[in-house]
Amino acid sequence: MEKFVIKGGKPLTGEVTISGAKNAAVAILPATILAAGKCVIENLPDISDVAASLKILKALGAQIRMIDRNTYEIDTSMLVSTEVPAELSRKMRASYYFLGALLSRSGKAQVAMPGGCNLGPRPIDQHLKAFSALGATDSVDYGMISVRAHKLTGAHIFFDKVSVGATMNGMLSAVMAEGQTVLENCAKEPHVVDLANFLNMCGADIRGAGTDVIKVRGAQQMHGCTYSIIPDQIEAGSYMVAAAATGGDVLIKNVTPKHLEPITVKLQRAGAKVEEFDDAVRVSRVGELQPLKINTMPHPGFPTDMQPLMSVMLTVAKGTSTITEGIWDNRFRYADELAKMGANIQVDGQVAVIEGVAKLQPAPLHASDLRAGAALVVAALMTNGTSEITEIQHIERGYENIVAKLQALGADITRVETEPAIALTPAL
Ligand code: UD1
């Protein structure tokens, strides 16, 4: 087991370079299956979700060559299987993208019911609705979900709920369906657009990604391409919040400032200074933090993945903040950890009310999921003492090199291997 040991109290200062977007990478890697040829994917974040996706591709028969730490050549000309090994698919929720990609390419797919962060019920009914409208059937057996179709035919699909995953799986499954598919009530996140751009570079005909309505004209044939993944909006937002929360001054490079606007606006209202450049933002704060009202919503609303980070910052704002979680049922699991640190945060269903306190105190902390874990790292940096965070594998699913990046900003953080538990009875 590993943990982070963080000695807080220093404002973060300096420069940090943002990695490629996790949520784009975990969709684009399965999408290489549709290219049925060689793709070179650049700006892949070096995180465990990407490693798991590459392992799945390899298990399906893809030839994978590492060009450098963030660039891989993936050749999907020859696949040997349409079954994603259960132990790999359970590790990450986004393994559901292999359903859409394999269904499109091979007419069948089998994936374990998705794992990933525990944020409450995570249904995939809208994904299945899209597959079914295109002509596929599905079944669940012993935790494995199977989809199959003799032929996929374009259809008109209206999503009952705005879902990133269903929108992306809708595109993946429609790319080679006969005729036109119209997807309505689509998610508009930057990674939805990135997946569409990648597929179009491979020969797909997808229009409207980034709006409510996406039209896909089925392609006869796809091919490989070289593609660079967009910067990670949430990783960038996390460093923006860390800079503001610690009263620091950080230049955050390799970002798309437009994607950060919902975060920028809130940080400015909270009293931080945010300067935008072509592909960088600089965040600093000197004065007191002001409280905020935040409602998480699908893009271009305030992203749910930034909610725990913002809440942590607001624990020391001067007044009462209200956070309403509009996407997930179970996204305040970090509140108990913050309470241990002296924060005044009351959660009632989907709403958290935070009364600002003067200072957070160090504590032993437990990361319950990816973004909650990142938020606790920021919380520990805001104290004047030493905190330890366990279950950091959640954090490492989504943040490339977080320790080195924070150390370069002056943070006192180390990753420590903990002692294996001592067996009380001899192993037989
Ligand atoms: C993606 C992101 C995740 C982010 C979320 C919302 C990835 C790998 N993960 O997750 O970090 O928090 O978007 O921005 O990209 N829903 C249904 N039926 C479905 C699908 C979803 O009811 O078939 C509901 C979910 O329970 C949730 C809401 O729709 O309440 C949004 O989920 P969705 O956008 O699909 O999230 P993910 O794609 O899983």
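Keep in mind that this is a model prediction, so the values were computed, not measured.

1. Comments concerning the overall build of the protein chain
Within the protein chain, the regular secondary structure consists of 14 helices and 23 strands. A compact globule built from 428 residues would reach a C-alpha radius of gyration of about 22 Å, and the protein chain, at 22 Å, matches this within 12%. Dimensions of the protein chain, computed from C-alpha atoms along their principal axes, come out at roughly 65 × 60 × 40 Å. Burial status across the protein chain gives 55% buried among its 428 residues. Surface summary for the protein chain: the accessible area is close to 17,200 Å², and the carbon and sulfur share equals 51%. Here the protein chain holds 40 positive side-chain charges and 44 negative ones, and the gap between their average locations is 1 Å.

2. Details of the sheet that holds strand E11 (residues 205-207)
Spatially, four strands are ordered E9-E10-E12-E11 in an open sheet, and the strand pairing comes out mixed. The open sheet has two edge strands with one neighbour each: strand E9 (156-158) and E11. This sheet shows a mean twist of 15° between the axes of neighbouring strands, independent of strand direction. Note that strand E10 (residues 180-184) and strand E12 (residues 214-217) share four bridges and pair antiparallel. Residue pairing for E12: Thr181 is matched across the bridge by Val216. The strands that helix H6 (residues 164-174) touches are E10, E11 and E12; relative to E10, the one it contacts most, it runs at about 175°.

3. A short note on the site of the ligand
Around the ligand sit 23 residues, and of these Gln126, Ser163, Val164, Asp305 and Ile327 come closest. Between Arg93 and the ligand, the recorded distance is 3.1 Å, taken from a side-chain N or O atom to an oxygen atom. In this structure, an oxygen atom belonging to the ligand sits 2.8 Å away from a main-chain N or O atom of Gly165. For the ligand, the protein covers 91% of the area, taking 740 Å² as the surface of the free molecule. Sorting the residues of the shell around the ligand by element identifies helix H1 (22-35), helix H5 (125-133) and H6 as the ones contributing at least two each.

4. Observations regarding the packing of aromatic side chains
Counted by the stated rule, this structure contains three aromatic pairs. Measuring from ring centre to ring centre gives 4.7 Å for Tyr96 and Tyr97, while their planes differ by 90°; the resulting arrangement is edge-to-face. For the pair formed by Tyr96 and Tyr97, the shared burial category is buried.

5. Focus on the side chain of Glu400
Looking at the secondary structure, you find Glu400 in the loop between helix H13 (393-396) and helix H14 (402-408). Of the side chains with opposite charge, Arg69 comes closest to the buried, unpaired Glu400, at an N-O distance of 4.0 Å. Among the polar contacts listed, one links the side chain of Glu400 to the backbone nitrogen of Asp46, at a separation of 2.5 Å. Reaching out from Glu400, the side chain makes a polar contact with the side chain of Asn70 at a distance of 3.1 Å. Not counting chain neighbours up to four residues away, the residues in contact with Glu400 comprise Ser19, Leu44, Pro45, Asp46, Ile47, Arg69, Asn70, Glu235 and Lys405.

6. Some thoughts on the pairing of E12
Looking along a regular strand, one sees the side chains alternate between the two faces of the sheet. Along E12, the buried face is formed by Ile214 and Val216; none of Lys215 and Arg217, which line the opposite face, is buried. As judged from the three bridges shared by E11 and E12, these two strands associate in the antiparallel manner. Bridging across to E12, Asp205 finds its partner in Arg217. Between E11 and E12, which follow one another and run antiparallel, lie six residues, and Gly208 among them has a positive phi close to 95°.

7. Section: the pattern of salt bridges
Scanning all chains against the criterion turns up 20 salt bridges. Among the ionic pairs, Lys3 bridges to Glu388, the shortest N-O distance being 3.0 Å. Within this pair, whereas Lys3 is found in strand E1 (residues 2-7), its partner Glu388 is found in strand E22 (residues 386-390), the two being separated by 385 residues in sequence. Here Glu235 makes a salt bridge to Lys405, at a shortest N to O gap of 2.7 Å. Separated by 170 residues along the polypeptide, Glu235 in helix H8 (residues 233-245) and Lys405 in helix H14 bring together distant segments of the chain.

8. Concerning unusual backbone geometry
Here the bond from His299 into Pro300 is cis, since omega is 10°, no more than 30 degrees from zero. Of note, the phi angle at Asn401 is positive, near 55°, even though the residue is not glycine.

9. What to know about the domain arrangement of the protein chain
Assigned domains of the protein chain: these are domain 1 (2-19 + 231-417) and domain 2 (22-217). Between domain 1 and domain 2, the residue contacts involve 24 residues of the former and 23 residues of the latter. The tally of links from domain 1 across to domain 2 stands at one salt bridge. Between Arg397 and Asp49 there is a salt bridge; the shortest N-O distance is 3.0 Å. Inspection of the region where domain 1 meets domain 2 yields seven residue pairs in polar contact (both at pLDDT 80 or more).

10. Topic: the nonpolar core
With 76 residues, the main nonpolar core has Ile41, Phe98, Leu195, Phe198, Leu199 and Ile206 as its most contacted residues. Of all the elements, H1 adds the most residues to this core, at ten residues. Look past the residues within four positions of Ile206 in its chain and what remains in contact with it is Met171, Val175, Ala196, Leu199, Asn200, Ile214, Lys215 and Val216. Formed by 72 residues, the second largest nonpolar core is a distinct cluster that contains Val241, Ala317, Ala374 and Leu381.

11. A short note on H5
All of the buried residues along H5 are Gln126, His127, Leu128, Ala130 and Phe131. Those residues of H5 that are buried lie in contact with helix H4 (97-106), strand E7 (137-141), strand E8 (144-148), E9 and H6. With its phi angle positive at about 115°, Gly135 sits one or two positions after the end of H5.

12. Here we look at the packing of H8 against helix H9 (residues 261-269)
When two helices pack together, you describe them by how their axes are tilted relative to each other and by the distance separating the axes. Interhelical geometry of H8 versus H9 gives an angle of 10° and a closest axis separation of 10 Å. The orientation of H8 with respect to H9, classified from their angle, is roughly parallel. In this structure, H8 uses Gln233, Gly237, Met240, Val241 and Ala244 to contact H9, whose residues at the interface are Ile263, Thr264 and Leu267. A per-class count over the contact of H8 with H9 returns five nonpolar, three polar and no charged.

Cut-offs and rules
Residues numbered from 1 in each chain as written. Predicted model: local features only at pLDDT ≥ 70, side-chain atom pairs only at ≥ 80, totals over all residues. Heavy atoms only, no water. Helix = DSSP H or I, 4+ residues; strand = E, 2+ residues; numbered from the N terminus. Rg over C-alpha atoms; globule rule 2.2 N^0.38 Å. Buried < 20%, exposed > 50% of the residue type's maximum accessible area, 1.4 Å probe, protein only. Areas by Shrake-Rupley, 256 points an atom, 1.4 Å probe, with all protein chains shown as cover. Lys, Arg positive; Asp, Glu negative; His and termini not counted. Charge placed at Lys NZ, Arg CZ, Asp CG, Glu CD. Pairing = 2+ DSSP bridges. Axes fitted to C-alpha atoms, helices over the stretch in contact; angles between N-to-C directions. Contact = heavy atoms within 4.5 Å. Near = heavy atom within 4 Å. Polar contact = N/O pair within 3.5 Å; in protein donor to acceptor, adjacent residues only side chain to side chain. Phe/Tyr/Trp six-rings, centres within 6.5 Å; stacked < 30°, edge-to-face > 60°. Salt bridge = Lys/Arg side-chain N within 4 Å of Asp/Glu carboxyl O. Domains from an automatic or database assignment. Core = buried A, V, L, I, M, F, W, Y, C linked by side-chain atoms within 4.5 Å. Parallel < 35°, antiparallel > 145°, perpendicular 65-115°, else oblique. Nonpolar A, V, L, I, M, F, W, Y, C, P; charged D, E, K, R; others polar.

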